[in-house]
2 protein chains.
Amino acid sequence: MEPKGIPLISGFSKLTRKERIEILNKLINQNEDLLPWLDSWMHPDAGQQATFQKFSENYITSFHIPFGVVPNMVINGRHYMVPMVIEESSVIAAAARSAKFWSCRGGFRAEILGTERKGQIHLTWSGHPQRLRDRFEGLTQDMLAATALTTRKMKERGGGITGIRLVDKTAAIPGYYQVDVSFETADAMGANFINTCLEEMAAVLERELSHYQEEGKVEIIMSILSNYTPGSLIRCSVECDIQELSGISGKLSPEEFARKFELASRIAGVDVSRAVTHNKGIYNGVDAVVLATGNDWRAVEACGHAFASAGGSYSSLSEAKISGNRFSYTLNLPIALGTVGGLTKSHPQAALALSILGNPGAGELMMIAAAAGLANNFSAVTALITSGIQQGHMKMHLPNILKQLNATPQEEQSIRAHFEGKQVSHAAVELFVNNLRNQHG
Amino acid sequence: MEPKGIPLISGFSKLTRKERIEILNKLINQNEDLLPWLDSWMHPDAGQQATFQKFSENYITSFHIPFGVVPNMVINGRHYMVPMVIEESSVIAAAARSAKFWSCRGGFRAEILGTERKGQIHLTWSGHPQRLRDRFEGLTQDMLAATALTTRKMKERGGGITGIRLVDKTAAIPGYYQVDVSFETADAMGANFINTCLEEMAAVLERELSHYQEEGKVEIIMSILSNYTPGSLIRCSVECDIQELSGISGKLSPEEFARKFELASRIAGVDVSRAVTHNKGIYNGVDAVVLATGNDWRAVEACGHAFASAGGSYSSLSEAKISGNRFSYTLNLPIALGTVGGLTKSHPQAALALSILGNPGAGELMMIAAAAGLANNFSAVTALITSGIQQGHMKMHLPNILKQLNATPQEEQSIRAHFEGKQVSHAAVELFVNNLRNQHG
């Protein structure tokens with residue numbers, strides 16, 4: 001049965017960009033040719049542009065996302081300007097507010113608790129588990145030997161394979177085992193390196209174990225890095241005397257603010273509905289740095305949210321504490337980033353982002369991303385427990401609402417006077433304007 | 001103590017773009033002015049460009065990400081061209097491979113299991129829980145009345161507030177309750193709508209309960225939508241006779257392929273290290289559609305990964321089944337997207353993406369995103385259990401490696417002949433080239 005809509009297309013990836021756009025023209029049935037419009041989003045320099053067409057397949061044009069910077073981020077005593085690429089309004093503003101606030105209260109303190117990367121060979125073995133365990137030490141030597149060429153350069157940079165262990169998973173699935181491998185990959189994300197090592201090791205495992213067919217049958221199911229890297233972990237925190245929290249809210253005293261913030265943090269610790277949104281606010285900041293520096297936000301998100309559920313129920317990644325006269329706010333963020341390889345240098349704007357950050361190593365970049373996450377999270381919780389999230393949002397939207405309603409300068413003046421300190425919503429502004437116009441109409 | 005690096009900056013957000021770039025020039029200490037280079041990434045039309053500078057704060061330039069399309073996606077009997085914005089190579093190629101494979105096997109079947117959005121008022125109440133429960137019905141009427149103006153237009157579009165309930169969370173935190181509110185938001189993501197409703201309701205709650213100070217004290221901690229929307233759920237699946245899986249792998253028979261695929265899926269169901277990477281592969285496809293259509297990937301990721309942990313341990317979102325002669329693969333994806341509001345129409349390229357999809361409603365877009373996720377996931381698992389992930393990856397990287405090694409056309413020919421069917425790695429190719437050159441040198 002032929003599907004509805006346009007016919008199926010054969011060999012689309014082999015078409016030229018122009019030919020692909022021809023198909024889109026027919027599909028959306030506009031009178032105007034899309035080609036010049038799509039061209040207009042591309043870089044005018046052919047050399048720069050060619051790079052982008054190689055990044056991904058079936059390229060049509062380049063999608064634009066705002067690239068901004070957050071000033072005044074003080075991390076471990078050093079002032080950074082942090083590049084962020086993000087489509088959502090107020091993310092950069094929120095990070096900048098936090099950055100400035102903490103810049104004169106000791107800044108963000110970050111430490112690298114680990115940089116371990118992981119990968120697994122997933123296999124089945126039909127024989128007795130002890131037979132596999134007996135041979136594993138010998139196999140480990142053979143597997144390491146097989147990766148010698150691949151790991152040589154990584155070892156020169158201080159990385160390599162740091163651990164191999166056999167994990168018996170037969171309680172979950174009969175006959176299922178893992179070879180769990182730990183890596184250090186220096187400043188690289190290391191995905192290609194890890195996957196190449198694992199496939200080389202898996203080939204050895206399969207070949208060597210097939211010599212013992214009378215003991216059992218081996219099957220390699222798959223060999224692949226894991227994006228779950230709880231051993232690649234940043235701790236980032238801010239801390240000050242409670243009195244130093246004065247001025248952050250017009251309504252609350254520093255003591256009230258600290259108490260309410262700590263309670264909001266505890267709520268995100270026990271309630272999944274709140275925890276998800278709380279952590280989403282952390283990733284607003286983290287992902288904006290990840291994207292700006294040419295790293296992979298899907299890997300970072302998957303790892304972090306799985307980590308948030310490691311205790312058995314999904315919980316928040318950050319925690320506020322009041323201890324005597326001190327207020328502190330701490331984020332534990334598992335994150336694996338690279339500053340060499342991948343797009344980090346080949347995307348010219350990612351290269352600029354790294355240069356704005358002073359060309360950090362991977363660990364330093366991970367600390368910067370964590371600080372950006374904590375900055376956004378601190379601002380969001382602060383807004384929620386003081387003025388509410390909508391006041392700032394709708395204040396920003398007010399010019400758009402005025403424009404949509406074609407408000408005159410005089411009407412704008414009346415609107416601003418009426419809504420001063422009041423809840424702004426599209427509906428309320430519209431009603432007010434209509435009343436105004438009916439009075440005068 | 002002044003931080004190291006450049007001095008802190010006051011009033012950065014009030015500077016002009018040129019002034020901000022002046023500061024970056026000093027920071028990265030290049031001889032060349034960054035301004036013309038940063039300009040070159042912006043849209044040449046001043047009107048289009050102005051839109052981007054309003055999306056986010058401290059704007060410097062626009063970041064480019066490849067925008068491509070996946071042809072031959074058949075979903076519920078209709079052929080879509082699916083726009084994807086993604087920086088990672090092979091995501092679009094993998095989706096296209098799956099799309100084509102399933103297009104002649106019934107395509108993707110998707111259904112909307114729900115479109116419920118959520119929000120909560122988080123509060124404390126110091127009195128007896130029964131006093132709060134007694135008053136809650138009356139309060140519900142008052143809260144609904146307070147949102148009448150805000151909900152009027154949403155009701156006309158078929159949405160609005162669909163449920164309000166009081167949740168006693170005192171077992172987790174003494175005195176802590178939630179007013180848990182359900183919404184339908186039609187084709188909008190609805191964040192502003194939900195937050196405005198919640199803040200209006202919270203104001204009523206606070207005012208009314210403060211009349212009963214002798215019974216207890218109320219405090220509103222925060223009122224905010226939740227990105228956790230398990231009730232906004234898409235089920236998407238592919239299904240065929242096992243014999244129809246022939247040709248997908250040169251090595252495995254259709255029966256072997258189905259068995260191995262089902263086992264790989266079960267492994268992702270029981271092992272967190274694999275589940276995270278498995279789901280990351282789903283979000284490669286999902287996020288690429290989310291970003292292309294101007295939606296918020298952080299919200300989508302946070303919701304989905306929390307949902308993946310709802311059973312008590314983090315698990316995969318998709319599941320393969322063999323039932324008699326049938327093979328099926330099903331994804332349950334919680335996702336809340338919009339096709340009106342936010343950037344969906346104001347980002348001109350997001351508007352084009354929606355137009356390429358035939359201007360779908362929110363539910364239809366959610367099904368398309370789920371199908372893209374399942375398509376990517378199916379391709380990734382297929383690659384892993386057949387040829388391995390590196391063979392395709394490194395084959396794609398080979399031209400880059402050849403270029404880095406300045407390989408002559410003659411050397412390239414020898415390299416391609418030598419590595420035909422063999423594992424390609426940077427180190428192995430380099431070694432081979434060096435040996436070649438030493439032989440002839």
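Residues numbered from 1 in each chain as written. Chains lettered and ligands numbered in written order. Predicted model: local features only at pLDDT ≥ 70, side-chain atom pairs only at ≥ 80, totals over all residues. Heavy atoms only, no water.

What about the domain arrangement of chain A?
Residues and elements named next belong to chain A.
And step 1. In terms of domain boundaries, chain A breaks down into domain 1 (1–64), domain 2 (67–114 + 232–387), domain 3 (117–226) and domain 4 (393–439).
And step 2. For domain 1 versus domain 2, the separation of C-alpha centres amounts to 37 Å.
And step 3. Taken together, the contact pairs four residues of domain 1 with four residues of domain 2.
And step 4. Between domain 1 and domain 2, the buried area comes to about 330 Å², and carbon and sulfur atoms account for 79% of it. (Domains from an automatic or database assignment. Contact = heavy atoms within 4.5 Å. Buried area = accessible area lost by both parts, 1.4 Å probe.)

Re the sheet that holds strand β10 (residues 326–334) of chain B
All names here are of chain B.
And step 1. Sheet architecture is open: four strands sit in the order β3-β8-β10-β9, paired in antiparallel fashion. Looking at strand neighbours, the two that pair on one side only are β3 (109–115) and β9 (318–323), the edges of this open sheet. The sheet shows a mean angle of 20° between the axes of neighbouring strands, taken without regard to direction.
And step 2. Across nine bridges, strand β8 (residues 232–241) lies against β10 in antiparallel orientation. Residue pairing for β10: Val 238 is matched across the bridge by Tyr 329. (Pairing = 2+ DSSP bridges. Helix = DSSP H or I, 4+ residues; strand = E, 2+ residues; numbered from the N terminus. Axes fitted to C-alpha atoms, helices over the stretch in contact; angles between N-to-C directions.)

What about the interface of chain A and chain B?
And step 1. Counting residues at the interface gives 136 residues for chain A, matched by 136 residues for chain B.
And step 2. Between chain A and chain B, a total of about 12200 Å² is buried, with carbon and sulfur atoms accounting for 63% of that surface.
And step 3. For the chain A face of the interface with chain B, the top three residues by lost area are Phe 63, Glu 87 and Arg 298 of chain A, together amounting to 7%.
And step 4. Summed over the shared surface of chain A and chain B, the number is 12 salt bridges. (Salt bridge = Lys/Arg side-chain N within 4 Å of Asp/Glu carboxyl O.)

Some thoughts on the side chain of Glu 430 of chain B
And step 1. Looking at the secondary structure, you find Glu 430 of chain B in helix α16 (residues 426–440).
And step 2. At a separation of 3.1 Å, a polar atom in the side chain of Glu 430 of chain B contacts the side chain of Lys 153 of chain A.
And step 3. Among residues more than four places away in sequence, those in contact with Glu 430 of chain B are Lys 153 of chain A together with Leu 405 of chain B. (Polar contact = N/O pair within 3.5 Å; in protein donor to acceptor, adjacent residues only side chain to side chain.)

A short note on the packing of helix α6 (residues 148–156) of chain A against helix α7 (residues 191–209) of chain A
All names here are of chain A.
And step 1. One way to put it is that α6 packs onto α7 with a least axis distance of 10 Å and a crossing angle of 145°. Along this stretch, α6 crosses α7, giving a crossing that reads as left-handed. Only Phe 193, Thr 196, Cys 197 and Glu 200 of α7 make contact with α6, whose side of the interface consists of Thr 150, Thr 151 and Met 154.
And step 2. Tallied by class, the residues present in the contact of α6 with α7 amount to three nonpolar, three polar and one charged. (Left-handed = near helix turned anticlockwise from the far one by under 90°. Nonpolar A, V, L, I, M, F, W, Y, C, P; charged D, E, K, R; others polar.)

A look at the environment of Leu 337 of chain B
Residues and elements named next belong to chain B.
And step 1. If you trace the backbone, Leu 337 turns up in the loop between β10 and α11 (343–346).
And step 2. Its relative accessible area of 0% is what places Leu 337 among the buried residues.
And step 3. Leu 337 sits 288 residues away from Gln 49 along the chain, and the two C-alpha atoms are 26 Å apart.
And step 4. In this structure Leu 337 touches Arg 117, Ala 188, Met 189, Val 290, Asn 295, Val 300, Ala 362, Leu 365, Met 366 and Ala 369, once residues within four positions along its chain are discounted. (Buried < 20%, exposed > 50% of the residue type's maximum accessible area, 1.4 Å probe, protein only.)

Describing the environment of Leu 38 of chain A
Residue and element names in this part refer to chain A.
And step 1. Along the chain, Leu 38 turns up in helix α2 (residues 34–39).
And step 2. On the basis of relative accessibility, which here comes to 0%, the residue Leu 38 falls in the buried class.
And step 3. A sequence separation of 25 residues divides Leu 38 from Phe 63, and the C-alpha atoms of the two residues are 9.7 Å apart.

A look at the packing of aromatic side chains
And step 1. Counting across every chain of the model gives 31 aromatic pairs over all chains.
And step 2. Ring geometry for Trp 102 of chain B and Phe 378 of chain B: centres 5.3 Å apart, planes at 70°, overall edge-to-face. In this pair, Trp 102 of chain B is assigned in helix α4 (residues 91–103) and Phe 378 of chain B in helix α13 (residues 362–385), connecting sequence segments 276 residues apart.
And step 3. Owing to a relative accessible area of 3%, Phe 378 of chain B belongs among the buried residues under this scheme.
And step 4. Among the aromatic residues, those joined into a ring-pair cluster are Phe 101, Trp 102, Phe 257, Phe 261, Phe 327, Tyr 329 and Phe 378 of chain A.
And step 5. Across from the ring centre of Tyr 212 of chain A, 3.7 Å away, lies the NZ or CZ of Arg 135 of chain A, which sits over that ring. (Phe/Tyr/Trp six-rings, centres within 6.5 Å; stacked < 30°, edge-to-face > 60°. Lys NZ or Arg CZ within 6 Å of the ring centre and 35° of its normal.)

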